[in-house]
Amino acid sequence: MMKKLLVCLTCVAFLLSCANTTSDNQADRDQPLNVLYIMADDLAYQAISAYGSEISQLAPTPNIDRIANQGARMDAVYCTNSICGPSRSAILTGKFSHVNGFYKNVNGGDFDGDQQTFPKIFQENGYETAVIGKWHLGTTPTGFDYSKVLVNWGGQGTYYKPEFCINGVDTVTDYKRHSTKVIEDDCIDWLESRDEEKPFMLLYQFKAPHRDWRPDSMYHDLFTDFDFPLPENFNDDYKGRIAAGENMMEIENHLNRRDMKQLPPEGLKTRKDSMRWYAYGDKGQFWTPNDTLQGEDLKYWKYQTYIKDYLRCVAGVDRAIGSVLDYLDDNGLSENTVVVYTSDQGFYLGEHGWFDKRWMYEESFKMPFVIKYPGLIDAGSVSNEMIMNVDFAPTLLDFAGLPIPDEMQGQSFKDVLTDDNKTGRDAVYYHYYEYPLWHKVQPHYGVRTDQYKLIHFYYSMDEWELYDLKNDPDEMNNIYSEAPAELITSLKLQLDSIKKEYHDDFSMDQMKLMTDTVISRVYNEPHKQKL
Ligand code: CA
């Protein structure tokens, strides 16, 4: 009898040990992965302390850095069209702008929500899906069990009194909280109330730090006791770069009174008068807050006003990211959730004397991208492999083990993150269409390799630019006219090959027509309801 009991106890111990092994393995292999995709608007990599720039060390982002420290920082992630709506469309569809159809913000219509997107595939495969915050694609989000997105100002949203549309039906206005705070609170609420039987895929997307850079009042006192250093090429004269010389996005000449938080004089009679007063400066009109502030001093004051408000907005985004990371930690979700932080494109923080984006130059072409997944991505890793925003959709699907449709033009870079022997792209491709609004940036396309960048500005000029990124990382010296012919020939062949591969080999006339074509926005304004 005793012997039999001992045998049984041994069996139980064996079974228990099997159960433990199975459970551990399941955590690694079978338990569905959650996805938290966080995206800010216009948040430059130079403003993230994990990326190490001088200004970011004075205005650190400890929570975005948490993601990088617990996972990977990617240093060569590029968008194919550096502007809000088009980048978001490329991310959702895994397709380039001319294929997904949303290639301009101005006169570019609305996003076609009937096409395939990665959130739809997550939803079809049993995930609970949501998008909260900035959407900016006009049409109601598709592929989500829940959506609450900014709708006022044509979908841009506002920092204060933001209006959100819920599930494409009701619009609510928040009169008390800053937009970043509303989006943060909504995200936590959604996580709290989700169906815990299902894995989740959440897009958590901020308006901040988009122009006109209005931080939450709790950050108004940040950075009041010091000034930020100027970028080395702050006083760029655009020599050898004709397209850049025609820009209208200079800190010195194109920031308006609204950007600089000026208050209008009394006596402006109509809203139109007031709007005109605030927008003064957009077209290069001279103004100064007081007559004693002129020349270099005025430019310096504009930069400090701009960069401080921008970084105060970033501080709010960083706090809101920290809250949700804490939520994942506190609820045992961190081990089984892929967390991505990125921005829809990069931005100029005074480099070349600019604010805004759009150019294929590094600061706006390059996106910040940090990602963590404790099971697979080594903590603290850094990657210089080149990838693109069209690669995000296939990569997230790949992490979750879901099918990647053939029609997606991007490719998964999961292996690049999890295997040191895997490499990214040999070259990345760019094409920008919108002209002349805003900021008079010539339509252009180009290719970037590990060392070189070749750009063709083609709309009302026919200008090529070539940069040696190893020796001229700030892209100040266009060497197109002096570079060896073989180098130019080889880069042009590579560019032609990429254009063909992605079916973007249209004629010059067809491309110019895309810029000229006015596609009106339908933009279904939802029913309004005050809360
Ligand atoms: Ca943007």
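Numbering of residues starts from 1 in every chain and runs along the sequence as written. Local features in this predicted model are restricted to residues of pLDDT 70 or higher, and side-chain atom pairs are both shown and tallied only at a pLDDT of 80 or more, whereas totals for entire chains, interfaces and linings draw on every residue. Heavy atoms from the whole structure form the basis of all side-chain values; hydrogens and water molecules are not counted.

**Comments concerning the overall build of the protein chain**
Which entries qualify depends on this criterion: Labels follow the DSSP assignment, with helices taken as runs of H or I lasting at least four residues and strands as runs of E lasting at least two, numbered in each case from the N terminus. C-alpha atoms define the radius of gyration, and 2.2 Å times the number of residues to the power 0.38 defines the globule rule. We call two residues in contact when some of their heavy atoms are within 4.5 Å. Positive charges come from Lys and Arg, negative ones from Asp and Glu, while His and the chain ends are left out of the count. We put the charge of a Lys on NZ, of an Arg on CZ, of an Asp on CG and of a Glu on CD.
Within the protein chain one finds 16 helices and 16 strands. The C-alpha atoms of the protein chain give 25 Å as radius of gyration, which agrees with the globular expectation for 531 residues (24 Å, within 12%). Sequence-distant contacts in the protein chain: of pairs separated by 6 or more residues, those separated by 24 or more amount to 69%. When the 53 positive and 82 negative side-chain charges of the protein chain are each reduced to one mean point, those points stand 5 Å apart.

**Digging into the coordination of the calcium ion**
Octahedral metals with six donors have ideal donor angles of 90 or 180 degrees. Tetrahedral metals with four donors have an ideal donor angle of 109.5 degrees. What counts is decided by this rule: Donor atoms: N, O and S within 2.8 Å of the metal, or within 3.2 Å for Na, K and Ca. Because water is excluded, sites can look incomplete. In this scheme the shape depends on donor count and angles: four donors with every angle between 85 and 135 degrees give tetrahedral, four or six donors with opposite pairs above 155 degrees and others between 65 and 115 give square planar or octahedral in turn, and any other case is irregular. Type-normalised accessible area, obtained with a 1.4 Å probe on protein chains alone, sets the label of each residue: buried when under 20%, exposed when over 50%, and partly exposed for intermediate values.
For the calcium ion, the protein coordination sphere consists of Asp 41 (OD), Asp 42 (OD), Cys 84 (SG), Asp 344 (OD), Asp 344 (OD) and Gln 345 (OE1), at 2.2 to 2.7 Å. Because the angles between the 6 donor atoms bound to the calcium ion fall within 51 to 158°, the donor set is best described as irregular. Each donor residue of the calcium ion lies on one chain, and together they are spaced D-D-x41-C-x259-D-Q. With a gap of 303 residues between them, Asp 41 in the loop between strand E1 (34–40) and helix H2 (54–58) and Asp 344 in the loop between strand E8 (337–343) and helix H12 (362–365) connect regions that are remote in the sequence. Given the relative accessible area of 0%, Asp 41 is considered buried.

**A look at the packing of helix H7 (residues 179–193) against helix H11 (residues 295–330)**
Spelled out, the test is: Each axis is a line fitted through C-alpha atoms, and for a helix only the stretch in contact is used; angles between axes span 0 to 180 degrees, taken between their N-to-C directions. Our angle categories are set so that under 35 degrees counts as roughly parallel, over 145 as roughly antiparallel, 65 to 115 as roughly perpendicular, and the remainder as oblique. Only Asp, Glu, Lys and Arg are considered charged in this grouping, and only Ala, Val, Leu, Ile, Met, Phe, Trp, Tyr, Cys and Pro are considered nonpolar; every other residue, Gly among them, is considered polar.
The contact between H7 and H11 brings their axes to 9 Å, and the two run at 10°. Here H11 runs roughly parallel to H7, going by the angle between their axes. Packed against H7, whose contacting residues are Thr 180, Lys 181, Glu 184, Cys 187, Ile 188, Leu 191 and Glu 192, the element H11 presents Gly 316, Val 317, Arg 319, Ala 320, Ser 323, Val 324 and Tyr 327 at the interface. By residue class, the composition of the contact of H7 with H11 is 7 nonpolar, 3 polar and 4 charged.

**Notes on the confidence of the model for the protein chain**
The condition that has to hold: Values of pLDDT, the confidence the predictor places in each residue, fall between 0 and 100.
Taken as a whole, the protein chain shows an average pLDDT of 92; of its residues, 93% reach a score of 70 or greater. In this model, residues 1–29 is a region of pLDDT below 50 whose contacts with residues beyond four sequence positions or in other chains number 3 contacts. Within the model, pLDDT remains below 50 along residues 527–531, and this stretch shows 13 contacts once partners closer than five positions in the same chain are excluded.

**With respect to the pattern of salt bridges**
We apply this condition: Take a side-chain nitrogen of Lys or Arg and a carboxyl oxygen of Asp or Glu: if they are within 4 Å of each other, that pair is a salt bridge.
Scanning the entire structure with this criterion turns up 31 salt bridges. Between Arg 177 and Asp 185 there is a salt bridge, with its nearest N and O atoms 2.8 Å apart. For Glu 184, the salt bridge is made with Lys 181, and the minimal N-O distance between the two is 3.8 Å. Here Glu 184 pairs with Lys 181, and both are found in helix H7, just 3 residues apart, close to one helical turn. Here the salt bridges share partners, and the residues they tie into one network are Asp 174, Arg 177, Lys 181, Glu 184, Asp 185 and Arg 319.

**Quick look at helix H4 (residues 84–93)**
Across the 10 residues of H4, 10 count as buried, placing the element largely inside the fold. Next to the buried residues of H4 lie E1, helix H5 (97–100), helix H6 (118–124), strand E7 (200–205), strand E9 (366–372) and helix H13 (392–399). Looking at the residues trailing H4, positive phi occurs at Gly 94, about 70°.

**Considerations on the sheet that holds strand E15 (residues 463–468)**
For the record, the criterion: Pairing between strands is defined by DSSP: at least two bridges between them are needed.
Strand order in the open sheet made by the 4 strands is E12-E13-E14-E15, with antiparallel pairing throughout. Every interior strand has two partners, whereas the edge strands, strand E12 (428–432) and E15, have only one. Pairs of neighbouring strands in the sheet enclose a mean axial angle of 10°, with direction left out of account. As judged from the 5 bridges shared by strand E13 (residues 444–448) and strand E14 (residues 452–457), these two strands associate in the antiparallel manner. Bridging from a neighbouring strand, Gly 446 pairs with Ile 455 of E14. Along the sheet, helix H15 (residues 485–501) makes contact with E12, E13, E14 and E15, crossing E13 at roughly 110°.

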